[in-house]
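# Observations on the model geometry
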Amino acid sequence: MLNEDTIQYAIDNTQVIVAPQRRIATFGDTSFRFFLVTELMDSVNQVRVRDGRLHAERPQIITPGHIQNMLVEGFGENAEDFAGWLREHAPQLAILKYGFQFRKTDISNEVVHDPLADVVGRLREQVEASDDPLSAVIHGVDEGWEICLLKFAADMIQESSGGNMGDFRKRGLL
């Protein structure tokens, strides 16, 4: 199990080298291909490359009415009062819910015996030559590499949310 310092270290040391050209789709699922590059601890010129997919489910709109149902289930009178207040005072409130599925079965793992910069350079060229707008190259840390991947997912949500909200508004869904 990772401790808080290891988690924070992984977050702080996650760097997207090549970002996907597209963001999370508003009206469908999105599957990002990633190459996560990490240096092996206490090993010179040994780099682990994880090649896999991160699946983002279609964003869902959560409205005050839906929030009300979520809040009051299993709670008492105070929760119902708050849900009513929310319905009255925040009718335009909408939250987007994003769902990610991380499938370890999609991941391959290879240790390369080259300097980090060389490996990253080759992967950058490979992604750019593939012309896949949903590919990314990420540099992270080996211990806590999943945290690095989740940091990437959180960044993709943040970058996508404005466009997704705009798409929902254009279709009259907000």
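Numbering of residues starts from 1 in each chain and follows the order in which that chain's sequence is written. Selection of residues for local features in this predicted model requires a pLDDT of at least 70, selection of side-chain atom pairs for listing and counting requires 80 or more, and totals for whole chains, interfaces and linings are taken over all residues. No hydrogens and no water enter the side-chain calculation; it runs on all heavy atoms of the structure.

To continue, consider unusual backbone geometry. Positive phi, close to 55 degrees, is recorded for Asn45, a residue that is not glycine. With respect to the secondary-structure elements, Asn45 resides in the loop between strand 2 (30-39) and strand 3 (47-56). For the exposure calls, accessible area comes from a 1.4 Å probe over protein chains only, and a residue counts as buried if that area is under 20% of its type's maximum, exposed if over 50%, partly exposed in between. Given a relative accessible area of 39%, Asn45 falls into the partly exposed group. Positive phi, close to 55 degrees, is recorded for Asp131, a residue that is not glycine. Secondary structure elements are defined from DSSP: runs of H or I of at least 4 residues count as helices, runs of E of at least 2 residues count as strands, and each element is numbered from the N terminus. Within the secondary structure, Asp131 is located in the loop between helix 4 (116-130) and strand 8 (135-141). What makes Asp131 exposed here is its relative accessible area of 58%.

Turning next to the packing of aromatic side chains. Only rings of Phe, Tyr and Trp enter the pairing, Trp through its six-membered ring, and a pair is recorded when the two centres are within 6.5 Å. The plane angle decides the type: under 30 degrees is stacked, over 60 is edge-to-face, the rest tilted. Applying the stated criterion across every chain, the model contains 2 aromatic pairs. Aromatic pair Phe27 and Phe168: ring centres 5.4 Å apart, planes at 80 degrees, arrangement edge-to-face. With Phe27 in the loop between strand 1 (15-18) and strand 2 and Phe168 in helix 5 (residues 145-170), this residue pair connects regions lying 141 residues apart in the sequence. Look at Phe32 and Phe152: their rings are 6.1 Å apart centre to centre, the planes differ by 85 degrees, and that puts the pair in the edge-to-face class. Here Phe32 is found in strand 2, whereas its partner Phe152 is found in helix 5, with 120 residues between them in sequence. Comparing Phe32 with Phe152, the two get one shared label, buried. Across the ring face of Phe27, the terminal group of Arg171 is positioned such that the distance to the ring centre comes to 4.0 Å. In this scheme, Lys NZ or Arg CZ marks a charge over a ring once it lies within 6 Å of the ring centre and within 35 degrees of the ring normal.

Let's shift gears to the packing of helix 1 (residues 4-12) against helix 5. Interaxial angles span 0 to 180 degrees and are taken between N-to-C directions of axes, which are lines fitted to C-alpha atoms, for helices over the stretch in contact. Orientation of helix 1 relative to helix 5, taken along the N-to-C sense of each, is 50 degrees, at an axis distance of 8 Å. Considering their axes alone, helix 1 and helix 5 lie oblique with respect to each other. Where helix 1 crosses over helix 5, the two elements pack in a sense that is right-handed. Contact residues: Ile7, Ala10 and Ile11 in helix 1; Ile147, Cys148 and Lys151 in helix 5. Among the residues making up the contact of helix 1 with helix 5, the classes are represented as 5 nonpolar, no polar and 1 charged. Note on terminology: angles under 35 degrees are roughly parallel, angles over 145 are roughly antiparallel, angles of 65 to 115 are roughly perpendicular, and the others are oblique. A clockwise turn of the near helix away from the far one marks a right-handed crossing, whereas an anticlockwise turn of less than a right angle marks a left-handed crossing. It only takes one pair of heavy atoms within 4.5 Å for two residues to be counted as in contact. In the scheme used here, Gly and all other residues not listed as nonpolar or charged are polar, with Ala, Val, Leu, Ile, Met, Phe, Trp, Tyr, Cys and Pro taken as nonpolar and Asp, Glu, Lys and Arg as charged.

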